[in-house]
Amino acid sequence: MIGRLNHVAIAVPDLEAATATYKNALGAEVSEPHDVPEHGVTVVFVNLPNTKVELLHPLGDKSPIAKFLENNAGGGIHHVCYEVKDILAARDKLKSEGMRVLGNGDPKIGAHGNPVLFLHPKDFVGTLVELEQA
Ligand code: CO
């Protein structure tokens, strides 16, 4: 069911420093920062030949990554995102397998303008999984 690895998201306490690390030390192509208020984050996209890395920084008071950064002050891998062709079919299959979909189960529009869902980390060997219809 899952297709390509769309991105790996890394929560970072200092977006400018993290962007500079990827740009200067690793020589990566990085985007300007984008605010995504619906998801409570500011994102910098790191474009790699085969996938993307997203550097996430909290935006606003209720950012879903604020708690993660409290527990991981230096930053860390927050989630991985896999592509699916049909997000509603994927959701229904996962629910039928007993997997937990976060939120109310309805897809939201993600940072790339496509529908996304998040799956409970306890059901996926300790990793928060995002599915993106792409
Ligand atoms: Co993501």
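What you see is a predicted model, and the numbers here were worked out from it, not measured in a lab.

What counts, and where the lines are drawn
Residues numbered from 1 in each chain as written. Predicted model: local features only at pLDDT ≥ 70, side-chain atom pairs only at ≥ 80, totals over all residues. Heavy atoms only, no water. Helix = DSSP H or I, 4+ residues; strand = E, 2+ residues; numbered from the N terminus. Rg over C-alpha atoms; globule rule 2.2 N^0.38 Å. Buried < 20%, exposed > 50% of the residue type's maximum accessible area, 1.4 Å probe, protein only. Contact = heavy atoms within 4.5 Å. Areas by Shrake-Rupley, 256 points an atom, 1.4 Å probe, with all protein chains shown as cover. Lys, Arg positive; Asp, Glu negative; His and termini not counted. Charge placed at Lys NZ, Arg CZ, Asp CG, Glu CD. Arc of directions from axis to C-beta. Polar contact = N/O pair within 3.5 Å; in protein donor to acceptor, adjacent residues only side chain to side chain. Donors = N, O, S within 2.8 Å, 3.2 Å for Na, K, Ca; no water. Core = buried A, V, L, I, M, F, W, Y, C linked by side-chain atoms within 4.5 Å. Salt bridge = Lys/Arg side-chain N within 4 Å of Asp/Glu carboxyl O.

(A) Fine view of the overall build of the protein. Helix and strand counts for the protein stand at three helices and nine strands. For the protein, the succession of helices and strands along the chain, N to C, is β-α-β-β-β-β-α-β-α-β-β-β. Here the C-alpha radius of gyration of the protein, 15 Å, is about what a compact globule of 134 residues would show, namely 14 Å. Taking the principal axes of the C-alpha coordinates as reference, the protein spans close to 45 × 30 × 25 Å. In the protein, which comprises 134 residues, the proportion classed as buried is 41%. Nonlocal contacts in the protein, meaning residues at least 24 apart in sequence, comprise 54% of its contacts between residues at least 6 apart. When the accessible surface of the protein is summed, it comes to about 7,600 Å², and 54% of that surface belongs to carbon and sulfur atoms. Distance between charge centres in the protein, computed from 12 positive and 17 negative side chains, equals 7 Å.

(B) Structural view of unusual backbone geometry. The phi dihedral of Val-125 is positive, around 45°, even though this residue is not glycine. On the secondary structure map, Val-125 appears in the loop between strand 8 (115-119) and strand 9 (129-133).

(C) Helix 1 (residues 15-25), seen in detail. For helix 1, the full list of buried residues reads Leu-15, Ala-18, Thr-19 and Tyr-22. When helix 1 is viewed along its axis, its buried side chains cluster within an angular range of 100° and face the same direction. Exposed residues lying more than 90 degrees from the buried face of helix 1 are Glu-16, Asn-24 and Ala-25. In this fold, the buried residues of helix 1 make contact with strand 1 (5-11), strand 2 (29-30), strand 4 (41-47) and strand 5 (52-58). Put simply, Asp-14 is the residue that caps the front of helix 1, since its side-chain oxygen is 3.2 Å from the backbone nitrogen of Glu-16. In the segment just after helix 1, Gly-27 is the residue with positive phi, at about 70°.

(D) The coordination of the cobalt ion, seen in detail. Listed as protein donors to the cobalt ion are His-7 (NE2), His-79 (NE2) and Glu-130 (OE); their distances from the metal cover 2.0 to 2.1 Å. Read in sequence order, the donor residues coordinating the cobalt ion give the pattern H-x71-H-x50-E. Placement of the pair is His-7 in strand 1 and His-79 in strand 6 (residues 76-84), with a sequence separation of 72 residues. His-7 sits in the buried class, given a relative accessible area of 1%. Take His-79: its relative accessible area is 4%, and that puts it in the buried class.

(E) The nonpolar core, seen in detail. Ranked by internal contacts, the top residues of the largest apolar core, which has 22 residues, are Ile-10, Tyr-22, Leu-55, Leu-119 and Leu-131. Of all elements in the fold, only strand 1, helix 1, strand 4, strand 5, strand 6, helix 3 (87-96), strand 8 and strand 9 reach the threshold of two or more residues within this core. If sequence neighbours within four positions are ignored, Tyr-22 has contacts with Ile-10, Gly-27, Ala-28, Val-30, Val-46, Val-53 and Leu-55.

(F) The arrangement of the pattern of salt bridges in detail. Overall, the coordinates contain five salt bridges when judged by the stated rule. One salt bridge in this structure joins Asp-92 and Arg-91, with 3.1 Å as the shortest N-O distance. Classification of Asp-92 by relative accessible area gives partly exposed; the value is 41%. Taking the relative accessible area as the measure of exposure, Arg-91 reaches 15% and is therefore buried. Between Lys-93 and Glu-97 there is a salt bridge, with the nearest N and O atoms lying 3.0 Å from each other. A relative accessible area of 49% places Glu-97 in the partly exposed class. Linked by salt bridges that have partners in common, Arg-91, Asp-92 and Asp-106 make up one network.

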